[in-house]
Amino acid sequence: MSIANVVRKDFKDVRRAKLVWAPAALYTMFMLLFFWGQSNGPANPNFYSLIQGLAGIGGVMLIPLIALVAAYLSIAGERESGSIKFLLGLPNSRADVVLGKLIARSAVVAAGLLVSFAVAVLAAMVFVPDMTFEYADYAVFVALTLLYALTYVAVAVSISAVSSSRSRAMGGAIGFFFVFNLVWNFLPVSPRNMVQFLADKLGTDVSQNTLDLIWALSPTGAYFGSLRFLDGPRFAGGMSSSSPFYLEAWFMVVILVAWLVVPLALGTWRFQRAELG
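Here the residue numbers are simple positions, counted from 1 along each chain's written sequence. Under the rules for a predicted model, residues below a pLDDT of 70 receive no local features and side-chain atom pairs below 80 are neither given nor counted, while totals for whole chains, interfaces and linings still include all residues. Where side-chain values are given, they derive from all heavy atoms of the structure, hydrogens and water being excluded.

Asker: I would appreciate a short explanation of helix α7 (residues 135-161) in the present structure.
Answerer: An α-helix turns once per 3.6 residues; consequently, residues spaced three or four apart project the same way. Along its 27 residues, α7 runs 38 Å from first to last C-alpha, staying within 8% of the 39 Å computed at 1.5 Å per residue. Buried residues are those whose accessible area, probed at 1.4 Å on protein chains only, stays under 20% of the maximum for their type, while exposed residues exceed 50% and partly exposed ones sit between those limits. Secondary structure counts use DSSP, requiring at least four H or I residues in a row for a helix and at least two E residues in a row for a strand, with both numbered from the N terminus. Most of α7 is tucked away: 21 of the 27 residues are buried. Here the expected length of a helix is defined as 1.5 Å per residue gap, with one fewer gap than residues.

Next up, the structure:
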């Protein structure tokens, strides 16, 4: 019951925090504005093109920010204030605290996003009534986006677990977002581009599949790759048309799950050995 106690306490604490709910409200507003903007677009808009737009903007900026803001202070905030000692004296093990925080923050993020996705359905009916809405594929899109968000929650909780202060947790969250989202997938200095640059300078060849895998190793790259479940060519995210197993949509889900599990395990391991004085 220790994990349940942590979840219950943390959920009560976090649901009153405006800083946690504000990004989810922003995402809901984004959904409304996005579909309102489509009302002035071409007749008979394509459902998959709209989903691609939602994934592109939300996947790059909003979803990671919602998850990071919701979870980056989950443990570090209590370590800095000293209340973590009270939480660990109930008794709860340190692993209970990390897992409980993950579950509570994931529930808050998922609840906010599900409201946004429900609003999006209503907005689509109002603003783009001529569009054929593919409900089954939309459910897949929602499920994959929730998994993507939860990977960032897990990363944020892990960063929080190894940070002794709010400022360090914030710096770690910002650094992760910058490196593994913007730099890794979208800037000219991305690892894929750097590997290609070095290969060209050394006169060696790197297969396109290898470059695509490097691109997909970040949470955002894996998320875009997983959306090939909906419409492979459209959601290739810059990948080549050939698809060995490690570039298939199901393997992108495996990468997302790894981003959920591995940082959490490392964060728990470090937290169990941390001095809380």
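Asker: Before we go on, may I ask you to explain the packing of helix α11 (residues 219-226) against helix α13 (residues 249-272) in this structure?
Answerer: In a packed pair of helices, the relevant descriptors are the angle between the two axes and the axis-to-axis distance. Whenever a helix is involved, its axis is fitted only over the stretch in contact; in every case the axis is a line through C-alpha atoms, and angles between N-to-C directions fall within 0 to 180 degrees. It is at 8 Å that the axes of α11 and α13 come closest, and there the two elements cross at 150 degrees. Considering the angle they form, α11 stands roughly antiparallel to α13. α11 and α13 meet at a crossing whose hand is left-handed. In contact with Pro 219, Gly 221, Ala 222, Tyr 223, Gly 225 and Ser 226 of α11, α13 contributes Ala 249, Met 252, Val 253, Ile 255, Leu 256 and Trp 259. Gly is put with the polar residues, along with every residue not named as nonpolar or charged; the nonpolar set is Ala, Val, Leu, Ile, Met, Phe, Trp, Tyr, Cys and Pro, and the charged set is Asp, Glu, Lys and Arg. For the contact of α11 with α13, the class distribution of residues is 9 nonpolar, 3 polar and no charged. Under this scheme an angle from 65 to 115 degrees is roughly perpendicular, one under 35 degrees roughly parallel, and one over 145 degrees roughly antiparallel; angles in between are oblique. Handedness of each helix crossing follows the sense of rotation of the near helix against the far helix: counterclockwise by less than a right angle gives left-handed, clockwise gives right-handed. Every residue pair with non-hydrogen atoms within 4.5 Å of one another is taken to be in contact.

Asker: What is the right way to read the side chain of Ser 190 from this model?
Answerer: Position of Ser 190 relative to the elements: it lies in the loop between α8 (166-185) and α9 (191-202). Overall, Ser 190 belongs to the buried group, its relative accessible area being 3%. Those residues in contact with Ser 190 that sit more than four places away from it in its chain are Val 183 and Trp 184.

Asker: Can you help me understand the packing of helix α1 (residues 2-14) against helix α6 (residues 94-127) in this one?
Answerer: At a closest axis distance of 8 Å, the pairing of α1 and α6 adopts a crossing angle of 45 degrees. The angle between the axes of α1 and α6 places the two elements in the oblique class. Note on packing geometry: the crossing formed by α1 with α6 is right-handed. Taken together, the residues of α6 that come into contact with α1 (itself represented by Ser 2, Ile 3, Val 6, Val 7, Asp 10, Phe 11 and Val 14) are Asp 96, Val 97, Leu 99, Gly 100, Lys 101, Ile 103, Ala 104, Arg 105, Ala 107 and Val 108. Within the contact of α1 with α6, the residues separate by chemical class into 11 nonpolar, 2 polar and 4 charged.

Asker: What should I look at first to understand a nonpolar patch on the surface in this one?
Answerer: In this scheme, patches are assembled from residues that exceed 30% relative accessible area and form no salt bridge. Like charges are connected within 9 Å, while nonpolar side chains (Val, Leu, Ile, Met, Phe, Trp, Tyr) are connected within 5 Å. In short, Shrake-Rupley with a 1.4 Å probe defines the accessible areas, and a residue's cover is counted only from the protein chains shown. Here a salt bridge means any side-chain nitrogen of Lys or Arg lying within 4 Å of a carboxyl oxygen belonging to Asp or Glu. On the surface, Phe 178, Val 179, Leu 187, Val 189, Met 194, Phe 197, Leu 198 and Leu 202 cluster together into a nonpolar patch covering about 740 Å² of accessible area. Of all the secondary structure elements, the ones that give two or more residues to the nonpolar patch are α8 and α9. Sort the elements by how many residues they give to the nonpolar patch and α9 lands first, with 4 residues. In this structure, Leu 202 sits in helix α9.

Asker: In this structure, what is going on with α9? I would like to understand it.
Answerer: The end-to-end C-alpha distance of α9 is 16 Å, a good match for the 16 Å that 12 residues give at a rise of 1.5 Å each. Following α9 by one or two positions, Gly 203 adopts a phi angle in the positive range, close to 70 degrees.

Asker: Is there a simple way to think about the side chain of Arg 79 in this case?
Answerer: Tracing the backbone shows Arg 79 in helix α4 (residues 76-81). Charge assignment in this entry is limited to Lys and Arg as positive and Asp and Glu as negative, and neither His nor the chain termini are counted. For the buried residue Arg 79, which engages in no salt bridge, the nearest side chain bearing the opposite charge is Glu 275, 8.5 Å off. Of note is the side chain of Arg 79, whose polar atom sits 3.4 Å from the backbone oxygen of Glu 275. If near-sequence neighbours (up to four positions away) are discounted, Arg 79 is found in contact with Ile 84, Ala 161, Val 162, Ser 163, Ser 164, Phe 271, Ala 274, Glu 275 and Leu 276. What qualifies as a polar contact is a pair of N or O atoms within 3.5 Å, subject to a donor-acceptor requirement within protein and to the restriction that residues adjacent in sequence count only when both atoms come from side chains.

Asker: How should I be thinking about the packing of aromatic side chains in this particular structure?
Answerer: For any pair of aromatic rings, the description rests on two quantities: the centre-to-centre distance and the angle between the ring planes. Centres within 6.5 Å are what make two rings of Phe, Tyr or Trp a pair, Trp counting through its six-membered ring; a difference in plane orientation under 30 degrees is then read as stacked, over 60 as edge-to-face, and the rest as tilted. By the definition in use, this model includes 25 aromatic pairs. Ring plane angle 20 degrees and centroid distance 6.3 Å describe the contact between Trp 215 and Phe 224, whose orientation is recorded as stacked. As far as the burial class goes, Trp 215 and Phe 224 line up, both buried. Linked through ring pairs, Tyr 27, Phe 30, Phe 34, Phe 35, Phe 47, Tyr 48, Phe 117, Phe 133, Tyr 135, Tyr 138 and Phe 141 together constitute an aromatic cluster. When the ring centre of Phe 271 is taken as reference, the NZ or CZ atom of Arg 94 above it lies at 5.6 Å. Note on geometry: a ring has a charge over it if NZ (lysine) or CZ (arginine) is within 6 Å of the ring centre and within 35 degrees of the ring normal.

Asker: For this particular structure, what's the right way to read the nonpolar core?
Answerer: Side chains that are nonpolar tend, in soluble globular proteins, to be buried together. Nonpolar core, defined: a set of buried Ala, Val, Leu, Ile, Met, Phe, Trp, Tyr and Cys residues in which side-chain atoms within 4.5 Å join the residues together. Judged by nonpolar contacts, the single largest core of 77 residues is most densely connected at Tyr 27, Phe 35, Leu 113, Phe 117, Tyr 138 and Phe 141. Broken down by element, the residue count for this core peaks at 16 residues, all from α7. Ignoring any residue separated from it by four or fewer positions in sequence, one finds Phe 141 in contact with Ile 51, Leu 54, Ala 55, Phe 117, Tyr 223, Leu 227 and Leu 230.

Asker: Where do I start with the pattern of salt bridges in this structure?
Answerer: If the charged atoms of two oppositely charged side chains come close together, the side chains can form a pair. Throughout the structure, instances matching the rule amount to 5 salt bridges. Here Lys 101 and Asp 10 are joined by a salt bridge, their closest N and O atoms 2.8 Å apart. In this pair, Lys 101 sits in helix α6 while Asp 10 sits in helix α1, placing the two residues 91 residues apart along the sequence. Asp 10 matches Lys 101 in its accessibility class, with the two residues each being buried. A salt bridge links Glu 78 to Lys 101; the shortest N-O distance between them is 2.4 Å. Of this pair, Glu 78 sits in helix α4 while Lys 101 sits in helix α6, and the two are 23 residues apart along the sequence. For Glu 78, a relative accessible area of 10% puts it in the buried group. A relative accessible area of 2% means that Lys 101 is categorised as buried.

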